[in-house]
Amino acid sequence: MDVISVIRTKRDRGELSPEQIDWVIDAYTRGVVADEQMSALAMAILLNGMNRTEIARWTAAMIASGERMNFDSLSRPTADKHSTGGVGDKITLPLAPLVAACGAAVPQLSGRGLGHTGGTLDKLESIPGWRALLSNEEMLHVLDTTGAVICAAGDGLAPADKKLYALRDVTGTVEAIPLIASSIMSKKIAEGTGSLVLDVKVGTGAFMKNIEDARELARTMVGLGTDSGVKTVALLTDMSTPLGLTAGNALEVRESVEVLAGGGPADVVELTIALAKEMLDAAGIKDADPAKALADGSAMDHWRRMIAAQGGDPDATLPVAREQHVVTAPESGVLTRLDAYGVGVAAWRLGAGRARKEDPVQAGAGVELHAKPGDTVTAGQPLMTLHTDTPEKFDYALASLAGTYDIAPAGTAFSATPIVLDRIA
Ligand code: URA
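Residues numbered from 1 in each chain as written. Predicted model: local features only at pLDDT ≥ 70, side-chain atom pairs only at ≥ 80, totals over all residues. Heavy atoms only, no water.

- An unreviewed UniProt entry annotates the protein as Thymidine phosphorylase of Streptomyces nojiriensis.
- UniProt, in the comment section headed Sequence similarities (unreviewed entry), describes the protein in these words: "Belongs to the thymidine/pyrimidine-nucleoside phosphorylase family." (UniProt positions renumbered as here; feature names shortened; annotations may be inferred.)

Structure representation (structure tokens):
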């Protein structure tokens, strides 16, 4: 087998054989295939696609590149959730303890933000003392004792994806449905969850900009999960505007705690409950009421135990950025559009995200929104507050907000986009 013939097959729109796929994934993981060769293959896949048989084999080869975890020793059914990434998407934070409070075990292997989308681990690391890196034994212990664990995937889990994802990120090859589907599903199947709910984001702030592509991605992932014995369901959800009122690490933790305390923005609460119901249903838990578990404090109790079990202090004061800049409404009227991508880029430029994998993030940086689409605003009122420790970044962040919102004359009719756009099972 040689890598050039594998690249040529895909470059010329051919179908990769199972042997070619197994070989190239294994050789890349071992360092025999070089990054520049894998980049060429990833670009050929992005341009020419893969059929279902190829995607299934590619996913299986990525799973086989590492270890598989197993939660059979737990007394509760396992349910996991994965979002394809968005702006202000803090849902995992209230969702994992909420579903645990309703009786499932939630093994939530999460990632860091890269580019304009935030990462769950970066958000939780703004809680003093909290640790993302756990050994497999520690992960199982936290899961068993608190019902939920949110941590980084260990080095042994789908190592082929770790290498390939980092490469795709710097070679413009992230937005390929076969590569996204195999990347996400290889980790989730190797993780060993019994059921999985996928939150496939659609809109300017998501990788999938239109609903047809999102449906295709969702169907591909649901098929991969189901064929591997993981009960898998996908919700397609709106990412044309940020979720909630915050985008940034500590800012989003604060908002998640508000949701766990029974408050928080309506869209975050709605999506958290919709995903919780899907997870409980997929795990076979029929008689739980997630709205009640938010209201009666049991989800909050699970959050506090989960954070403490990973070294965090749930009562600690969260970091606040040193400098703030308020953006005001230039005119009065109805806010009819607030673009998720622009806000995500602003938060990233303020220091909430990283430009390179090894960059540190600022815990307090980000964007706080004071109005959402559909709200009436008055000229001069605060629209958003930008937070950063490095005020020289304000101009750069403000540039990304130019043209990201529309204010129509007062009285203009506004119809809100539903949060859940479709369900694929
Ligand atoms: N999340 C992943 O884990 N992989 C992708 O390719 C995209 C989003």
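Continuing now.
1. Some thoughts on empty space enclosed by the protein
Thought 1: Tallied over the full model, the rule gives 2 cavities of 30 Å³ or more.
Thought 2: Estimates place the volume of the largest cavity at around 140 Å³.
Thought 3: In this structure, the largest cavity is lined by 21 residues; those nearest its centre are H116, T117, G118, A347 and A352.
Thought 4: At the level of elements, α6 (120-124), β6 (246-248), α11 (249-260) and α15 (340-352) are the ones that each hand at least two residues to the lining of the largest cavity.
Thought 5: With 4 residues, α15 is the largest single contributor of residues to the lining of the largest cavity.
Thought 6: Space inside the second largest cavity adds up to approximately 40 Å³.
Thought 7: As for the second largest cavity, its lining consists of M69, L109, L134, S135, N136, M139, C151, A152, A153 and G154. (1 Å grid on protein atoms, 1.4 Å probe; cavity = no way out; pocket = protein on both sides within 12 Å on 5 of 7 lines; lining within 4 Å. Points joined across faces, edges and corners; volume = space filled by probe spheres on them. Helix = DSSP H or I, 4+ residues; strand = E, 2+ residues; numbered from the N terminus.)

2. Section: the site of the ligand
Thought 1: Every residue lining the ligand is accounted for by H82, Y165, R168, I180, S183, I184, K187 and F207.
Thought 2: R168 has a polar side-chain atom sitting 2.9 Å from an oxygen atom of the ligand.
Thought 3: Separating an oxygen atom of the ligand from a side-chain N or O atom of K187 is a distance of 2.5 Å.
Thought 4: Burial of the ligand by the protein amounts to 91% of the accessible area it has alone, namely 240 Å².
Thought 5: Only α8 (159-169) and α9 (177-191) provide two or more residues apiece to the shell around the ligand.
Thought 6: Among the elements that make up the shell around the ligand, the one with the highest residue count is α9 (4 residues).
Thought 7: A per-class count over the shell around the ligand returns 4 nonpolar, 2 polar and 2 charged. (Near = heavy atom within 4 Å. Polar contact = N/O pair within 3.5 Å; in protein donor to acceptor, adjacent residues only side chain to side chain. Areas by Shrake-Rupley, 256 points an atom, 1.4 Å probe, with all protein chains shown as cover. Nonpolar A, V, L, I, M, F, W, Y, C, P; charged D, E, K, R; others polar.)

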